[in-house]
Amino acid sequence: MVELNKELDKIFQSFNNNSIFKDKSPLQNSYQPEDIPHRSEQITQVASILAPVLRGEKPSNLFLYGKTGTGKTLTIQYVKNELLKRADKSLNFKLRIEYLNCKLKKVSDTEYRILAELIKKFGGEIPSTGLPTQLVYDKFIETIDSEKQLIILILDEIDQTTKKISDDFLYNLTRLSSELTQSKLALVGISNNLTFLDEIDPRVKSSLSEEEIVFPPYNALQLQDILTKRAKEVFKEGVLEEGVIAKCAAFAAREHGDARRALDLLRIAGELAERDNSNKIKMKYIDEANEKIERDKILDIIKSEPKQFQLVLSSIISLSQKNPKEHIFTGEIYNHYRDLCIKNKLEILTQRRISDIIQEFDMLGIITVNVISKGRGGRMREIKLAITNDIIEKAKEIIQNSITYD
Ligand SMILES: Nc1ncnc2c1ncn2[C@@H]1O[C@H](COP(=O)(O)OP(=O)(O)OP(=O)(O)O)[C@@H](O)[C@H]1O
Ligand SMILES: [Mg+2]
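Keep in mind it's a predicted model, so treat the numbers as computed, not measured.

Time to look at the nonpolar core. The biggest cluster of nonpolar side chains holds 35 residues, and the ones touching the most others in it are Phe 140, Phe 169, Leu 170, Phe 196 and Leu 208. Of all the secondary-structure elements, those providing two or more residues to this core are strand E1 (62-66), helix H4 (111-121), helix H5 (133-144), strand E3 (149-156), helix H7 (167-175), strand E4 (184-191), helix H8 (196-199) and helix H9 (202-208). Broken down by element, this core gets its largest block of residues, 6 residues, from H4. When neighbours within four sequence positions are excluded, Phe 140 is seen to be in contact with Leu 115, Leu 118, Ile 119, Phe 122, Leu 173 and Leu 176.

What follows is the structure, encoded as structure tokens:
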């Protein structure tokens, strides 16, 4: 107990004498920085497309896309605020700009849920279940059409709606405008799924993307600018070892120019320094932070995959731990997987499906696959685990839990 208390003293003390962070709040997701470097082009484009609302005219529907962490949400929130600041209250219509993140838990599970959420946003009310869908649409129209207003509805992570619901929802939404008599509705869709538009009903596509704006990935230098600005607000002076920002930027630039990743690296490195009682963020903390992010990402994937996927991984792990130096072959994995299915009373998938799953592991960087030719057009795939031992141990735990409970 004495030992433990000493340890706690140390932890709390280092927390008290926090010598790294000045203010952690600018690292939160919801933080809206005053300055948005390297996005002025996108910001002005969005602003000029939406500007007609200030005169009471319906703007074109707009679609924003680009990889994760390229500033899409930040940009639209910024333009939204700027438009609202400039809305002329003396005009004979009201301007409403509503933002909905379709990825939020439960929001886009069903057409009913998302409509209920929208109705609530616009001040209406419906029971949480039970009405026929057509009635819910009618209720939505009634709610937004009850007064003369111009509405911009921003649907962030809009691809989530077709993932769980179907194209119908977006189709109905884009058709809804024609039923409004008093109000006008413009849609802004946002997605980091670059092929989303090509996967949906062409009629929805052409309506949703009357205008399109691409958010390109940031390069390492641009990420440095973003990080430098944020670091000034977050860290005490002089805590950053030389080269730390450049290193975070370089790592994140490799991850398709993701600013969120860059900021996460910096935050985690700061937390590691703090935990270490160091008053400097050293280069090594960036490496550790990067490893931690990679590890968490892989473990999250493993956790969220179906049992069959987990059993295949479990087979690969068992086989490679039995013979650490050897490569493993698809056939062996399949036999091992089949035994596991029998043992756990699970359906056995075909070899073909297992090959697909193995390919997916390859893409995720969990394994490496080496195709070797065996003459006469025959080929074999040599498989090797590509994750470190501590991830392997955690993965085993996750899989064990998933198979035992549930
Ligand atoms: N140009 C920028 N200046 C300052 N901060 C930025 C900039 N671009 C992105 N960020 C920051 O990076 C993080 C990710 O940005 P944002 O949420 O806008 O990305 P996104 O494109 O919407 O990504 P996703 O597709 O994953 O939703 C946020 O914390 C945001 O504040
Ligand atoms: Mg976003």
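Back to the text.
Note that Asn 61 resides in the loop between helix H2 (40-50) and E1. With 11 residues separating them along the chain, Asn 61 and Leu 50 place their C-alpha atoms 8.8 Å apart. Residues within four places of Asn 61 in sequence aside, it is in contact with Leu 185, Ala 186, Leu 187, Ser 207, Leu 208, Glu 210 and Glu 211. There is a polar contact of 3.1 Å between the side chain of Asn 61 and the backbone oxygen of Ser 207.

Further remarks concern H5. In this model, H5 (12 residues) spans 17 Å end to end at C-alpha, consistent with the 16 Å of a helix rising 1.5 Å per residue. What H5 keeps buried is the set Val 136, Tyr 137, Phe 140, Ile 141, Thr 143 and Ile 144. Burial along H5 is one-sided: seen end-on, the buried residues are contained in an arc of 165 degrees. For H5, the exposed residues set more than 90 degrees away from the buried face come down to Gln 134 and Glu 142.

Here the focus is the site of ligand 1. Taken together, 18 residues lie around ligand 1, and Pro 37, Thr 68, Lys 72, Thr 73 and Tyr 218 are the ones closest in. The separation between an oxygen atom of ligand 1 and a polar side-chain atom of Arg 260 is 2.9 Å. Against a free-state accessible area of 630 Å², the protein chains account for coverage of 94% of ligand 1. Counting residues per element, the ones that place at least two in the shell around ligand 1 are helix H3 (72-86), helix H10 (220-234) and helix H12 (259-275). For the shell around ligand 1, the per-class residue count stands at 7 nonpolar, 6 polar and 5 charged.

Mapped onto the fold, Asp 168 is located in helix H7. Sequence-wise, Asp 168 and Glu 111 are 57 residues apart; in three dimensions their C-alpha atoms are separated by 8.6 Å. Leaving out residues up to four positions away in the same chain, Asp 168 has contacts with Glu 111 and Tyr 137.

This structure, assessed with the given rule, holds 22 salt bridges. For Asp 201, the salt bridge goes to Arg 203, with nearest N and O atoms at 2.8 Å. The shortest N-O distance in the salt bridge between Arg 295 and Asp 390 comes to 3.4 Å. Here Asp 390 lies in helix H17 (residues 389-404) and Arg 295 lies in helix H13 (residues 283-304), a separation of 95 residues in the sequence. Note on Arg 295: relative accessible area 22%, which makes it partly exposed. Of the residues examined, Asp 390 reaches a relative accessible area of 36% and is grouped as partly exposed.

Before going further, it helps to examine unusual backbone geometry. Although it is not a glycine, His 38 adopts a positive phi angle of roughly 65 degrees. Note that His 38 resides in the loop between helix H1 (2-16) and H2. Positive phi values are uncommon outside glycine, yet His 256 reaches one of about 40 degrees. For His 256, the location among the structural elements is in the loop between helix H11 (244-254) and H12. The exposure class of His 256 is partly exposed, given its relative accessible area of 30%.

Further remarks concern the pairing of strand E2 (residues 94-101). Within E2, 7 of the 8 residues are buried, leaving the element largely enclosed by the surrounding structure. In this structure, E2 lies alongside E3, joined through 8 bridges in parallel fashion. Bridging across to E3, Leu 100 finds its partner in Leu 155.

Reading the values: rules and limits
- Residues numbered from 1 in each chain as written.
- Chains lettered and ligands numbered in written order.
- Predicted model: local features only at pLDDT ≥ 70, side-chain atom pairs only at ≥ 80, totals over all residues.
- Heavy atoms only, no water.
- Core = buried A, V, L, I, M, F, W, Y, C linked by side-chain atoms within 4.5 Å.
- Buried < 20%, exposed > 50% of the residue type's maximum accessible area, 1.4 Å probe, protein only.
- Helix = DSSP H or I, 4+ residues; strand = E, 2+ residues; numbered from the N terminus.
- Contact = heavy atoms within 4.5 Å.
- Polar contact = N/O pair within 3.5 Å; in protein donor to acceptor, adjacent residues only side chain to side chain.
- Expected span 1.5 Å × (residues − 1).
- Arc of directions from axis to C-beta.
- Near = heavy atom within 4 Å.
- Areas by Shrake-Rupley, 256 points an atom, 1.4 Å probe, with all protein chains shown as cover.
- Nonpolar A, V, L, I, M, F, W, Y, C, P; charged D, E, K, R; others polar.
- Salt bridge = Lys/Arg side-chain N within 4 Å of Asp/Glu carboxyl O.
- Pairing = 2+ DSSP bridges.

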